[in-house]
Amino acid sequence: MPELPEVETTRRGIAPHVTKRRVLKVIVRQPNLRWPVTPSLVDELPGHVIDKVDRRGKYLLLKTRIGTLLAHLGMSGSLRVLNTNKSPSKHDHLDIIFEGDRLLRYSDPRRFGCILWEPNPIESHPLLQSLGPEPLGDGFDGEYLYHNSRKRVASVKTFIMDARVVVGIGNIYANEALFMAGINPKRAAGKVSRLRYRALADRIKEVLNKSIKVGGTTLRDFTNSSGNPGYFKQSLQVYGRGGMACQKCQRPLSQIRLGQRNTVYCPHCQK
DNA sequence: CGAGCAACCTGCATGC
DNA sequence: TGCATGCAGGTTGCTC
């Protein structure tokens, strides 16, 4: 479900409700996520205050004085702030109950996400170790992409979706940014010019920023922390539109498989 | 080292 | 209606 804009939407939604709040209790109903929910979470988090909600790539970091809760939403996960009287349904795997009448509920039908507890400095967590720069941060631009793609024969789409290269760009926004930049997704990453990588980096920033502004993309079931959908779907130009007319040239969009992922592009506008 | 792919799991749309 | 199939927003970890 979530790429960077959806995770950032979640972060902004939950932050005001959990920051400075003290955890009363943690309830785990289904520990078998991508990795087992860290068992000590239930014993260690209660009694402590969430100081800050950060994001690194698609990971959410709930920081306390004694450690960090690291959450990933996988393909179908969500975090919502609810009243404690709301009873859980089938895929509501974990609750963090706060003092007062609020709880943070993790739901994830496919269970590709994770909830981990890390008592040590989070910067050294293995899952965060090999992540590339934030696409909306200073370390990311066309020069960076150009420099790191030399001699790479994999497709440029696979390249920008690799979290070791740059975090946060999933299948939706990779398709969109390549269309906006006029680059064929099949092109070898190492054969894209410096000039065109500048355009690509700019379009990546643009599409992510615009999506965050409207609460992300809701395809079937993504909702923000209050249960509302995101509105970027209506702005998508190629994702989910294989066979339909290109919005620039009116020719039909091609749909292919690239690195096991559905890929839509315009053979006329993207070279 | 990089590239390609199977795997994790459930829900939903489609076709017979 | 029922069943089989294929597909979905992500990422790791295996093989070559």
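Here the structure is shown first, and the text comes after it.
Analysis parameters
Residues numbered from 1 in each chain as written. Chains lettered and ligands numbered in written order. Predicted model: local features only at pLDDT ≥ 70, side-chain atom pairs only at ≥ 80, totals over all residues. Heavy atoms only, no water. Near = heavy atom within 4 Å. Polar contact = N/O pair within 3.5 Å; in protein donor to acceptor, adjacent residues only side chain to side chain. Helix = DSSP H or I, 4+ residues; strand = E, 2+ residues; numbered from the N terminus. Contact = heavy atoms within 4.5 Å. Axes fitted to C-alpha atoms, helices over the stretch in contact; angles between N-to-C directions. Parallel < 35°, antiparallel > 145°, perpendicular 65-115°, else oblique. Left-handed = near helix turned anticlockwise from the far one by under 90°. Nonpolar A, V, L, I, M, F, W, Y, C, P; charged D, E, K, R; others polar. Pairing = 2+ DSSP bridges. Phe/Tyr/Trp six-rings, centres within 6.5 Å; stacked < 30°, edge-to-face > 60°. Buried < 20%, exposed > 50% of the residue type's maximum accessible area, 1.4 Å probe, protein only. Lys NZ or Arg CZ within 6 Å of the ring centre and 35° of its normal. Salt bridge = Lys/Arg side-chain N within 4 Å of Asp/Glu carboxyl O.

### Here we look at the protein's contact with DNA strand B
Taken together, Lys 90, His 91, Pro 109, Arg 110, Arg 111, Phe 112, Arg 152, Val 153, Ala 154 and Gln 260 form the complete shell of residues around DNA strand B. By atom count, sugar and phosphate contribute 54% of the portion of DNA strand B lying within 4 Å of the protein. Note that a phosphate oxygen of DNA strand B is positioned 3.2 Å from one of the side-chain N or O atoms of Arg 152.

### Things to note about the environment of Asp 54
Topologically, Asp 54 is positioned in strand 2 (residues 52-56). Taking the C-alpha atoms as reference points, Asp 54 and Thr 38, separated by 16 residues in sequence, lie 19 Å from one another. Among residues more than four places away in sequence, those in contact with Asp 54 are Arg 11, Tyr 59, Leu 60, Leu 61 and Lys 63. Polar contacts involving the side chain of Asp 54 include one to the side chain of Lys 52, which spans 2.8 Å.

### So, the packing of helix 6 (residues 171-181) against helix 7 (residues 194-213)
The interhelical angle for the contact between helix 6 and helix 7, taken along N-to-C directions, is 130°, at an axis separation of 8 Å. Put simply, helix 6 runs oblique to helix 7. Considering how the two elements wind past one another, helix 6 and helix 7 form a crossing that is right-handed. Listed contacts from helix 7 to Tyr 173, Glu 176, Ala 177, Leu 178, Met 180 and Ala 181 of helix 6 are Ala 199, Leu 200, Arg 203, Ile 204, Glu 206, Val 207, Leu 208 and Ser 211. Of the residues in the contact of helix 6 with helix 7, the class split is 10 nonpolar, 1 polar and 3 charged.

### What about the sheet that holds strand 2?
As summarised here, the arrangement of the 4 strands in space is 2-3-4-8, forming an open sheet in which the pairing is antiparallel. Looking at strand neighbours, the two that pair on one side only are strand 2 and strand 8 (114-118), the edges of this open sheet. Strand-to-strand twist in this sheet, taken as the mean axis angle between neighbours without regard to direction, amounts to 20°. Pairing between strand 2 and strand 3 (residues 59-64): 5 bridges, direction antiparallel. Looking at the pairing, Arg 55 lines up with Leu 60 of strand 3.

### Side note on the packing of aromatic side chains
Under the criterion given, the structure shown has 3 aromatic pairs. Relative to Phe 232, the ring of Tyr 173 has its centre 6.0 Å away and its plane inclined at 40°; by these criteria the two rings are tilted. Taken as a pair, Tyr 173 in helix 6 and Phe 232 in the loop between helix 7 and strand 9 (254-258) lie far apart in primary sequence, 59 residues in all. By relative accessible area, which is 1% here, Tyr 173 ends up buried. One cation-aromatic arrangement involves Arg 34 over Trp 35; the distance from NZ or CZ to the ring centre is 4.9 Å. Note that Lys 248 overlies the ring of Phe 179, its terminal NZ or CZ placed 4.4 Å from the centroid.

### Topic: the sheet that holds strand 1 (residues 23-28)
Whenever strands of a sheet pair, they do so through backbone hydrogen bonds, lying parallel or antiparallel. Pairing within the open sheet is antiparallel, and its 4 strands lie in the order 1-6-7-5. Every other strand in the sheet has two partners, leaving strand 1 and strand 5 (78-83) as the edge strands with one partner each. Looking at each pair of strands side by side, their axes are set apart by 20° on average, direction ignored. Note that strand 1 and strand 6 (residues 92-98) share 5 bridges and pair antiparallel. Its bridge partner lying in strand 6, Lys 25 is registered against Ile 97. In this fold helix 1 (residues 4-18) packs onto strand 5, strand 6 and strand 7 (102-107), with an angle of close to 35° to the strand it touches most, strand 5.

### Thoughts on the pattern of salt bridges
Per the stated rule, a full pass over the model turns up 16 salt bridges. Put simply, Asp 54 and Lys 52 hold a salt bridge, and the shortest N to O gap is 2.8 Å. For Asp 54, a relative accessible area of 17% translates into the label buried. A relative accessible area of 44% places Lys 52 in the partly exposed class.

Structural measurements only, silent on function.
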